[in-house]
Amino acid sequence: MKIVIAGAGDMGYHLAEQLSYENQDIVLIDLDKDVLDNVSSHLDVMTILGDATTLEILKNANVRQANMFMAVTTSEKTNIVAALLAKQLGAKRVIARVRNHDYLKPEHELYFKNLGIDNIISPGMLCSDEIYRMIKNSTFTDVFEFEGGKLNVVGLTLDQYCTLVNKKISDMKDNPIFEDIKIIAIVRDQMTIIPRGNTIIRNNDHVFFISNKKAVSSIVDLLGQQKVGIKNVMIIGGDDLAFTTALKLENEYRVTLVHKDKERCKWLSERLNDTLVINGDYKNIEILIEEGLEEMEAFISLTDSSETNIITSLSAKNHGVYKAIAHVDTREYIHISHSIGVDSLINKKLVAANQVTRFLRKGKVEAVSGIYGVDAEIIQYVITKNNRVTKKPLKDLHFPETAIVAGVIRGEEVFIPDGDFVLQMDDKVIVLALPAAKNSLEKLFH
């Protein structure tokens, strides 16, 4: 598959990195020579220096042969123009990254489809949706919903007092709660483990569970975790992501937003109906305390500095805030997300890249979710034809060792399958997979 990506920033780099591991034919276009030199030294992709909105550059990238063209630069206008030109030149599918929320309204998305842009994505909107899910399920560090929450994947770090520590997975089957929940992955010392019956849970393991909607609260009870209802939320930062997140939360929570730029605060206060906007230096913890930090249940740091976001989130935790979420632009921080001390880290460019990735999977894929700090992804396949996956129980499908069928949605029913479960046509199958499993999975579900 030939894929052309315009923009070699964090999002473009992450997409190119993921796809290069799968031996895809990747071309990366950017205006910055230093950025492309860095890409060339780390990834096996072709790079082209130039403006993706010029026909000459697009032709040099052989866009007419591209199965997919993705315009993910930081310029919305560049992305739209480049996507339109790529489609006219013959690219089969084109995707453009945008910032304008108005473009994402269903009735407006149709305009772009009529012009030839197949999909538009907004990293800020996708990221604010994920933050909202984290606040709604504040006990967990990671939350992924499938089919409107019919099945949920949640992550949590276990301490020495957890009843599961030092137990084998196989010993848990007698507990009736495990009919509705399942452990699908464990992160230990920055390594990802697909659990089997003889796997033993250890102290400080970061464990991922899948459950139906009703059983999510049972996971909290099982692990003996504290339940805290979130009412008061403080956000620091004032860019588009902070605005979108405040807009998303203010109808359900008491939101205070602190930003250092006076004019931007005025802009925010005019557009946010129920958010208290404060002009102040969010690096000064005393100011945050004066504005009610110690009364907050949640703290969300969304400034333009990863370091500031991490440090202020740690300070918030030290002042008794229950849930701290930090946005990080630095990709390296993601790999230590479960040991850094902040409850949850999030990166809007990686969130958006995960959204794009689902268009590249063979077989009918409805969703792909990458997990922060984990070398794995969760893929939602749809069974579209009768083949061997519908004729044998799961245990006889020669499923790769580096993947696990986590759950199945069948109409309004949900299942946490065991080895004897048999898939049917139109089932929506949730699979957690390490990179090594991708080729085998695509053969199974194609």
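Computed from a prediction, not measured in an experiment: that's the story for all the values here.

J.: Help me understand the overall build of the chain in this model?
T.: Secondary structure summary: the chain contains 14 helices and 22 strands in total. Here the C-alpha atoms of the chain give a radius of gyration of 22 Å, agreeing with the 22 Å that 2.2 N^0.38 yields for 446 residues. Considered along the principal axes of its C-alpha atoms, the chain spans approximately 65 × 60 × 45 Å. The buried share of the chain, reckoned over its 446 residues, is 56%. Counting only contacts in the chain whose residues sit at least 6 apart along the sequence, the fraction spanning at least 24 positions is 62%. About 19,800 Å² of surface is accessible on the chain, with carbon and sulfur atoms providing 46% of the total.

J.: Would you mind going over the side chain of Ser306 with me for this structure?
T.: For Ser306, the position within the fold is in helix H11 (residues 306–318). On the basis of relative accessible area, Ser306 is assigned to the buried category, the value being 5%. With near-sequence residues (within four places) excluded, Ser306 lies in contact with His327, Val328, Asp329, Thr330 and Tyr333.

J.: Looking at this structure, I do not really get the pairing of strand S16 (residues 323–327). What am I missing?
T.: On a regular strand, each side chain points to the face opposite its neighbour's, so the side chains alternate between the two faces of the sheet. Among the five residues in S16, five count as buried, and that is most of the element. Side chains of S16 alternate between two faces, with Lys323, Ile325 and His327 and Ala324 and Ala326 buried alike. Bridging between strand S15 (residues 298–301) and S16 involves four bridges; their strand directions are parallel. Directly across from Phe299, in S16, lies its bridge partner Ala324. The handedness of the S15 to S16 crossover, carried by H11, is right-handed. With three bridges joining them, S16 and strand S17 (residues 344–346) adopt parallel strand pairing. Opposite Ala326, over in S17, you have Leu345 as the bridge partner.

J.: Explain a negative patch on the surface to me, please; I cannot follow it from the model alone.
T.: A contiguous patch of negative charge, built from Glu286, Glu290, Glu294 and Glu295, is present on the exposed surface. As for its position among the elements, Glu286 is in helix H10 (residues 285–290).

J.: Would you explain the packing of aromatic side chains in this entry?
T.: Note on aromatic pairs: each is described by the distance of the centres and the angle between the planes. According to the stated counting rule, one finds four aromatic pairs in the structure shown. Between Tyr381 and Phe445, the ring centres sit 4.3 Å apart and the planes meet at 10 degrees, which makes this aromatic pair stacked. Taken together, the residues span a long stretch of sequence, with Tyr381 in strand S19 (residues 377–382) and Phe445 in helix H14 (residues 438–445) at a distance of 64 residues. Judged on exposure class, the residue Tyr381 and its partner Phe445 are both buried. Centroid distance Phe415 to Phe421: 5.2 Å. Interplanar angle 50 degrees. Geometry classified as tilted.

J.: What is the right way to read the sheet that holds S16 from this model?
T.: By definition, the strands of a sheet pair up through backbone hydrogen bonds, in either a parallel or an antiparallel sense. The parallel open sheet is built from six strands, whose spatial order is S14-S13-S12-S15-S16-S17. Each having just a single partner strand, strand S14 (275–279) and S17 make up the two edges of the open sheet. Across the sheet, the mean angle from the axis of one strand to that of its neighbour is 15 degrees, orientation sign disregarded. Sheet contacts for helix H6 (residues 123–136): S15, S16 and S17; angle to S17, the most-contacted strand, approximately 170 degrees.

J.: What should I look at first to understand the side chain of His108 in this one?
T.: Tracing the chain through its elements places His108 in helix H5 (residues 106–115). Within the structure, His108 has its side chain in polar contact with the backbone oxygen of Asp102 (distance 2.8 Å). Sequence-distant contacts of His108, defined by excluding residues within four places in its chain, comprise Asp102 and Tyr103.

J.: Hey, could you run me through the pattern of salt bridges in this one?
T.: Here the structure, examined in full by the defined rule, presents 15 salt bridges. Between Lys2 and Asp25 there is a salt bridge, and its shortest N-O distance comes to 3.9 Å. Of this pair, Lys2 sits in strand S1 (residues 2–6) while Asp25 is found in strand S2 (residues 25–30), placing the two residues 23 residues apart along the sequence. On the accessibility criterion, Asp25 (40% relative accessible area) is partly exposed. With a closest N to O distance of 3.9 Å, Arg133 and Glu130 form a salt bridge. With Arg133 and Glu130 both in helix H6, this residue pair falls three residues apart, about one helical turn. For Arg133, a relative accessible area of 22% gives the class partly exposed.

Cut-offs applied
- Residues numbered from 1 in each chain as written.
- Predicted model: local features only at pLDDT ≥ 70, side-chain atom pairs only at ≥ 80, totals over all residues.
- Heavy atoms only, no water.
- Helix = DSSP H or I, 4+ residues; strand = E, 2+ residues; numbered from the N terminus.
- Rg over C-alpha atoms; globule rule 2.2 N^0.38 Å.
- Buried < 20%, exposed > 50% of the residue type's maximum accessible area, 1.4 Å probe, protein only.
- Contact = heavy atoms within 4.5 Å.
- Areas by Shrake-Rupley, 256 points an atom, 1.4 Å probe, with all protein chains shown as cover.
- Pairing = 2+ DSSP bridges.
- Right-handed = clockwise from strand over helix to strand, strands pointing away.
- Patch = residues over 30% accessible without salt bridge, like charges linked within 9 Å, V, L, I, M, F, W, Y side chains within 5 Å.
- Salt bridge = Lys/Arg side-chain N within 4 Å of Asp/Glu carboxyl O.
- Lys, Arg positive; Asp, Glu negative; His and termini not counted.
- Charge placed at Lys NZ, Arg CZ, Asp CG, Glu CD.
- Phe/Tyr/Trp six-rings, centres within 6.5 Å; stacked < 30°, edge-to-face > 60°.
- Axes fitted to C-alpha atoms, helices over the stretch in contact; angles between N-to-C directions.
- Polar contact = N/O pair within 3.5 Å; in protein donor to acceptor, adjacent residues only side chain to side chain.

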